[in-house]
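Chain by chain, the residues:
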Amino acid sequence: MNARVLPDTEALARASAELVLEAEAAAGERFAICLTGGSTPQATHRLLASDEYRGRADWSRWHVFLGDERRVPLDDPRSNYFNARQSLLDHVPIPAGQIHPLTDADQYEGLLRAFFGEAPRFDLLMLGMGDDGHTASLFPGSVSLLESERWVIAPPDVVQGMSRLTLTLPALDAARRTVFLVAGAAKADPIRRISAGEQLPAGMVQGAEWLLDEAAAAGLAPV
Ligand code: 6PG
């Protein structure tokens, strides 16, 4: 596992905000970033929107996508788009037409195909990992993990009473740079299992960098 360990969640947020700006600097005329849901990236978002960081990004080049979504209205607090707006998108001058909420699998796949052409090469794909090793809305044991053609699907599984939309492994694997943001002691176990070679969804994403806080990194195999 290509992992970097940060002492705490604040250091993790700072390292990830710097990584976002680094990926932005490496991108061409447009910076295509795919955001994730979950709580961990919200601190990164807030830092990017802060007085300290806001002036360092060229927001006019940003094109923002979402990697997964709960099928709830866009103003529902369970919506990843809603949370990204609260922590970042409402506070920075990204042109409205360059922010792409995920509301329908076929429509989103069409949008991605029109934007990217043959493969969704996000300049930066941000991901999180659940305590069970899921990422985006790809859960352990789901048939969604077998999808090989589609880039965006509505998985057949209903998790916590909620249906979802998600990018698939082929879409996630196409990103130019992928980073997992993972924090907390509850993540040490899936980190341990992935480091040991178990095929949990998060570990199936190719070529990712991992930013871990020390609590999550407790699961890394000793070097
Ligand atoms: C979501 C996610 C999901 C998330 C993980 C980790 O919509 O919930 O995209 O895959 O990234 O569950 O979440 P935390 O950062 O809250 O641990």
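The model shown is predicted, which means the values in this text are computed figures rather than measured ones. (Residues numbered from 1 in each chain as written. Predicted model: local features only at pLDDT ≥ 70, side-chain atom pairs only at ≥ 80, totals over all residues. Heavy atoms only, no water.)

J.: Sorry if this is basic, but what is going on with the sheet that holds strand β4 (residues 68-70) here?
T.: Adjacent strands of a sheet form backbone hydrogen bonds with each other and so pair up, either parallel or antiparallel. Ordered by their spatial adjacency, three strands build an open sheet running β4-β7-β6, and the pairing between neighbours is antiparallel. The open sheet has two free edges, formed respectively by β4 and β6 (152-153), since each of these has just one partner strand. Where β6 meets strand β7 (residues 164-167), two bridges bridge the pair, whose relative direction is antiparallel. Paired with Ile 153 across the two strands is Thr 166, which belongs to β7. (Pairing = 2+ DSSP bridges. Helix = DSSP H or I, 4+ residues; strand = E, 2+ residues; numbered from the N terminus.)

J.: Looking at this model, I keep getting lost on the environment of Ala 188. Mind explaining?
T.: With respect to the secondary-structure elements, Ala 188 resides in helix α7 (residues 188-195). For Ala 188, a relative accessible area of 15% puts it in the buried group. Setting aside chain neighbours within four positions, we find Ala 188 in contact with Ala 215, Ala 216, Ala 218 and Gly 219. (Buried < 20%, exposed > 50% of the residue type's maximum accessible area, 1.4 Å probe, protein only. Contact = heavy atoms within 4.5 Å.)

J.: Would you mind going over the pattern of salt bridges with me for this structure?
T.: Opposite charge on two side chains makes pairing possible when the charged atoms of those side chains draw close. Summed over the entire model, instances satisfying the criterion amount to 16 salt bridges. Where Glu 24 meets Arg 61, a salt bridge forms, and the shortest distance between an N and an O atom there is 4.0 Å. Remark: Arg 61 occurs in the loop between α3 (51-54) and β3 (62-66) and Glu 24 occurs in helix α1 (residues 9-26); sequence separation between them is 37 residues. Taken individually, Glu 24 and Arg 61 each receive the classification buried, so the pair is uniform in this respect. If you follow the salt bridges from partner to partner, you end up with Asp 106, Glu 109, Arg 113 and Arg 150 in one network. (Salt bridge = Lys/Arg side-chain N within 4 Å of Asp/Glu carboxyl O.)

J.: Please clarify how the sheet that holds strand β1 (residues 3-6) should be interpreted in this entry.
T.: Read from one edge to the other, the open sheet built from six strands follows the order β1-β9-β8-β5-β2-β3, with strand pairing classed as parallel. Looking along the sheet, the strands with just one partner apiece sit at the ends: β1 and β3. Within the sheet, the average angular offset between the axes of one strand and its neighbour, ignoring direction, is 20°. Note that strand β8 (residues 178-182) and strand β9 (residues 208-213) share five bridges and pair parallel. When the bridges of β9 are listed, Thr 178 appears paired with Ala 208. Sheet strands in contact with helix α2 (residues 40-48) are β2 (31-35), β3, β5 (124-127) and β8, and its direction is about 110° off that of β8. (Axes fitted to C-alpha atoms, helices over the stretch in contact; angles between N-to-C directions.)

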